[in-house]
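Understanding the architecture of this molecule
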Amino acid sequence: MTSVERLRRITDAVRESGRSSVAELAALTGASEMTVRRDLEVLAEQGVLERYRGGARSLLLRGEEPPFVLRAQEGQEAKARIAAEVAGLIADGESVVVDSGTTCLEVARALHGRRLTVMPLSLHAANALTDAPPLTLLLPGGRPRAGELALTGPLTLASLAALRFDTAVLGCCGLTAADGLTAYDLDDAAVKRAAIASSRRVVAVAEAAKFSRTALAFVAPAAALHVVVTDRAAPDDETEALAGAGVTVRTV
């Protein structure tokens, strides 16, 4: 088990049970108690859990998304393949709005140095696109969420409403044909809806795991998406249902 897998396993276990002892987590992961204690310190620094003597209690609600720093290390190869496919769908000269999230950050990196006009909706993506001529970088207003650095609030919504984009690249917390595109955060969902309203084409990026989730905040029905780019592990029943709703599904 890699360190990333171990951190995810510990996060999920503590969140499901509410609290777990170091001994329980060591047995679960097969790691030494010393290693588990170090992992708990890392997760405590990220605000995932709170340490107490001999164990830890979760600070995440069951419906909350794990922190950005933890998600950013998961499935990097699949995210890079998805990002490369999305970059191939975008023609030089287009104006593009790029959503927040770890997969969209990979998309931003894949667009670096292209002849495009790009508005990123997170400070992580904005940083990835600096010093990238001939790309023209537009920065929205807004309030960055801690850790995620996604831009939200009335200034972000006003920035999106003032522009019209060729393509919106959206991330998601959950995606199903029945429940559509969903997000954990209400403010984030509002920003995604504004990006859809300001764009001629909507491309959603979703690793296979996203098809098994429906998050709290509804963003848009599946029919509002033009293209979904996912990886080969995506469930066939969901990709077929999306195709039946008129969505072009590309698996990489």
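A few points on the structure. Per-chain numbering applies: the sequence of each chain, read as written, is numbered from 1 onward. At least 70 in pLDDT is required for a residue's local features to be given in this predicted model, at least 80 for side-chain atom pairs to be given and counted, and no such filter applies to totals for whole chains, interfaces and linings, which use all residues. Only hydrogens and water are set aside; all other atoms, that is, all heavy atoms of the structure, feed into the side-chain values.

We now examine the packing of helix 1 (residues 3–17) against helix 3 (residues 33–45). At a closest axis distance of 10 Å, the pairing of helix 1 and helix 3 adopts a crossing angle of 75°. Relative to helix 3, helix 1 is oriented roughly perpendicular. From helix 1, Arg 6, Leu 7, Ile 10 and Thr 11 reach across to helix 3, where they touch Thr 35, Asp 39, Leu 40 and Leu 43. Charged means Asp, Glu, Lys or Arg here, nonpolar means Ala, Val, Leu, Ile, Met, Phe, Trp, Tyr, Cys or Pro, and polar covers whatever is left, Gly included. A breakdown of the residues in the contact of helix 1 with helix 3 according to their chemical character gives 4 nonpolar, 2 polar and 2 charged. Helix axes use the C-alpha atoms of the stretch in contact, all axes being lines fitted to C-alpha atoms, and the angles between their N-to-C directions lie in the range 0 to 180 degrees. Working definition: helices are DSSP H or I runs of at least four residues, strands are E runs of at least two. Numbering for both runs from the N terminus. Each angle gets one of four labels, with under 35 degrees taken as roughly parallel, over 145 as roughly antiparallel, 65 to 115 as roughly perpendicular, and the rest as oblique. Any two residues whose heavy atoms approach within 4.5 Å are treated as being in contact.

This brings us to helix 3. The end-to-end C-alpha distance of helix 3, which contains 13 residues, comes to 18 Å, matching closely the 18 Å that a straight helix rising 1.5 Å per residue would cover. Remark: exposure states derive from per-residue accessible area (1.4 Å probe, protein chains only) relative to the maximum for the residue type, with buried under 20%, exposed over 50%, and partly exposed in between. Looking at helix 3, one finds that the buried residues are Thr 35, Val 36, Asp 39, Leu 40 and Leu 43. One side of helix 3 holds all its buried residues, which, seen down the axis, span an arc of 140°. For helix 3, exposure combined with an orientation more than 90 degrees from the buried face picks out Met 34 and Glu 45. An expected span of 1.5 Å times one less than the residue number is assigned to each helix. What the arc covers is the set of directions going from the helix axis to the C-beta atoms.

Once that is clear, we can look at the packing of helix 2 (residues 22–29) against helix 3. Where helix 2 contacts helix 3, the two axes come as close as 9 Å, and the packing angle between them is 105°. Here helix 2 is positioned roughly perpendicular relative to helix 3, judged by the angle of their axes. Two secondary-structure elements touch here, helix 2 through Val 22, Ala 23, Leu 25, Ala 26 and Thr 29 and helix 3 through Glu 33, Val 36, Arg 37 and Leu 40. Residues of the contact of helix 2 with helix 3, tallied by class, amount to 6 nonpolar, 1 polar and 2 charged.

Turning next to the sheet that holds strand 2 (residues 49–52). A pair of strands counts as paired when DSSP detects no fewer than two bridges linking them. Here we have 3 strands laid out as an open sheet, ordered 1-3-2, and antiparallel in their pairing. This sheet does not close on itself; its edge strands, each paired only once, are strand 1 (19–21) and strand 2. Recorded for the sheet is a direction-independent mean angle of 20° between the axes of neighbouring strands. With respect to the sheet, helix 1 is in contact with strand 1, strand 2 and strand 3 (55–58), its orientation differing from that of strand 1 by roughly 120°. Against the sheet, helix 2 contacts strand 1 and strand 3, and its axis sits at roughly 80° relative to strand 1.

Here we come to the pattern of salt bridges. Charged atoms that come close allow side chains of opposite charge to pair. What makes a salt bridge here is a side-chain nitrogen of Lys or Arg within 4 Å of a carboxyl oxygen of Asp or Glu, nothing more. As enumerated under the stated definition, the model contains 16 salt bridges in all. A salt bridge links Arg 57 to Glu 50, with the shortest nitrogen-to-oxygen separation between them at 3.2 Å. Judged by relative accessible area, which is 24%, Arg 57 ranks as partly exposed. Judged by relative accessible area, Glu 50 falls into the partly exposed class, the value being 38%.

Only buried residues count toward a nonpolar core. Its members are Ala, Val, Leu, Ile, Met, Phe, Trp, Tyr and Cys residues joined through side-chain atoms within 4.5 Å. Counting 32 residues, the largest nonpolar core has Leu 160, Leu 175 and Val 228 as its most contacted members. For this core, the secondary structure elements donating two or more residues are strand 9 (165–170), strand 11 (180–183), helix 9 (186–197), strand 12 (199–205) and strand 13 (217–220). Here this core takes 5 residues from helix 9, the largest share from any one element. Apart from the residues within four sequence positions on either side, Val 228 is in contact with Leu 175, Ala 204, Phe 211, Leu 242, Val 247, Thr 248, Val 249 and Arg 250. One finds Val 86, Cys 104, Leu 116 and Val 205 within the second-largest nonpolar core, a separate group that totals 26 residues.

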